[in-house]
Amino acid sequence: MNIRRVVTGKNVAGKSVFISVGSSPREMALQHTPGFVSSPQWKIDGTPDLAKRDGADPMASESTMLASVGGSVFWMITFPPDSVMMSPDWKPELAGPEHLKAAPGIAERFEMDNPGMHQTPTVDYVTVVKGRLVLELDDGKAVELKQGDTVVQQGARHAWRNPFAEPVTVSVVMLGATTV
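This text gives an overview of the structure that appears in the document. Treat the numbers as computed from the prediction; the structure is a model and nothing was measured.

1. Notes on helix H2 (residues 92-102)
Here comes step 1: Those residues of H2 not exposed but buried are Ala95, Glu98 and Ala102. Projected down its long axis, H2 shows its buried positions confined to an angular sector of 65°, all on one face. Turned more than 90 degrees away from the buried face of H2 sit Glu93 and Lys101, all of them exposed.
Here comes step 2: Elements in contact with the buried residues of H2: strand S3 (28-29), strand S4 (37-44) and strand S5 (72-79).

2. As for the nonpolar core
When a protein is soluble and globular, its nonpolar side chains tend to lie buried together.
Here comes step 1: Membership of the largest hydrophobic core comes to 26 residues, with the highest contact counts inside it found for Trp75, Phe79, Trp160, Val170 and Met174.
Here comes step 2: Elements with a contribution of two residues or more to this core: S5, strand S6 (122-130), strand S7 (132-137) and strand S11 (168-176).
Here comes step 3: Excluding anything up to four places from it in sequence, methionine 174 contacts Met65, Leu66, Ala67, Gly71, Ser72, Val73, Trp75, Ile106, Thr120, Thr122, Val123 and Asp124.

3. Structural notes on the pattern of salt bridges
If the charged atoms of two oppositely charged side chains come close together, the side chains can form a pair.
Here comes step 1: Per the counting criterion, the structure on display carries seven salt bridges.
Here comes step 2: Across the pair aspartate 138 and arginine 157 runs a salt bridge, and its minimum N-O distance is 3.8 Å. Here aspartate 138 is found in the loop between S7 and strand S8 (142-146), whereas its partner arginine 157 is found in the loop between strand S9 (150-154) and strand S10 (158-161), with 19 residues between them in sequence.
Here comes step 3: Exposure remark for aspartate 138: the relative accessible area of 48% places this residue in the partly exposed category.
Here comes step 4: Among the residues examined, arginine 157 registers a relative accessible area of 22% and is labelled partly exposed.

4. With respect to the sheet that holds S7
Here comes step 1: Read from one edge to the other, the open sheet built from three strands follows the order S8-S7-S10, with strand pairing classed as antiparallel. Each end of this open sheet is capped by a strand with a single partner; those strands are S8 and S10. Strand after strand, the sheet turns through a mean of 25° between neighbouring axes, direction not considered.
Here comes step 2: Summarising the sheet, S7 and S8 pair through five bridges and their orientation is antiparallel. Bridge pairing in S8 links arginine 132 to lysine 146.

5. Examining a nonpolar patch on the surface
Here comes step 1: Taken together, Val6, Phe18 and Val21 make up a surface patch of nonpolar side chains, about 310 Å² in accessible area.
Here comes step 2: When you line up the elements, valine 21 lands in strand S2 (residues 16-22).
Here comes step 3: On the accessibility criterion, valine 21 (48% relative accessible area) is partly exposed.

6. Thoughts on the packing of aromatic side chains
When we look at a pair of aromatic rings, we describe it by the centre distance and by the angle of the planes.
Here comes step 1: Under the criterion given, the structure shown has one aromatic pair.
Here comes step 2: Both rings, one in phenylalanine 36 and one in phenylalanine 79, keep their centres 5.6 Å apart while their planes meet at 90°; by these two values the pair is edge-to-face. Separated by 43 residues along the polypeptide, phenylalanine 36 in the loop between S3 and S4 and phenylalanine 79 in strand S5 bring together distant segments of the chain.
Here comes step 3: By relative accessible area, phenylalanine 36 is classed as buried at 13%.
Here comes step 4: Residue phenylalanine 79 is classed as buried on the basis of its relative accessible area, which comes to 15%.
Here comes step 5: Over the aromatic face of phenylalanine 164 sits the side chain of arginine 132, whose NZ or CZ is 3.8 Å from the ring centroid.

Conventions adopted
- Residues numbered from 1 in each chain as written.
- Predicted model: local features only at pLDDT ≥ 70, side-chain atom pairs only at ≥ 80, totals over all residues.
- Heavy atoms only, no water.
- Buried < 20%, exposed > 50% of the residue type's maximum accessible area, 1.4 Å probe, protein only.
- Helix = DSSP H or I, 4+ residues; strand = E, 2+ residues; numbered from the N terminus.
- Arc of directions from axis to C-beta.
- Contact = heavy atoms within 4.5 Å.
- Core = buried A, V, L, I, M, F, W, Y, C linked by side-chain atoms within 4.5 Å.
- Salt bridge = Lys/Arg side-chain N within 4 Å of Asp/Glu carboxyl O.
- Pairing = 2+ DSSP bridges.
- Axes fitted to C-alpha atoms, helices over the stretch in contact; angles between N-to-C directions.
- Patch = residues over 30% accessible without salt bridge, like charges linked within 9 Å, V, L, I, M, F, W, Y side chains within 5 Å.
- Areas by Shrake-Rupley, 256 points an atom, 1.4 Å probe, with all protein chains shown as cover.
- Phe/Tyr/Trp six-rings, centres within 6.5 Å; stacked < 30°, edge-to-face > 60°.
- Lys NZ or Arg CZ within 6 Å of the ring centre and 35° of its normal.

Take a look at the structure:
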């Protein structure tokens, strides 16, 4: 996918500067799930501190991609058609470890008896950037989403399905939330 990520900030004199221009170091095209691309763009734990100028890229480490309470994660994801996972050539035993590396903290929440279904303690703002996708909830109800559609996902148990022939790309901002 090679998402171009432009990060700005301020220098010690308080002037706006470009901190980096290029791909996220955590962008990953999964070899064992062809067409699946995970491109985490940024992560903040807790309330952002704009006075902090250490220049550290939060995507340089392989920490969890689950947003902490009060924190946020910005992510671009391309899902291949579901037919990729239905292919006799697809090997979940090889794909699983890749998904765990691409989405640590989230991939562990996927249900083995209902592939794709999961729940996170987050409020997610999702925008379909390109293609079509189906959002399925745990009651079996589903809504088809197309380019430009948005979702506010509030900690619901859900799955993203791509029954279509083309890949779909979504932009996701996850906000860490408290739960009851």
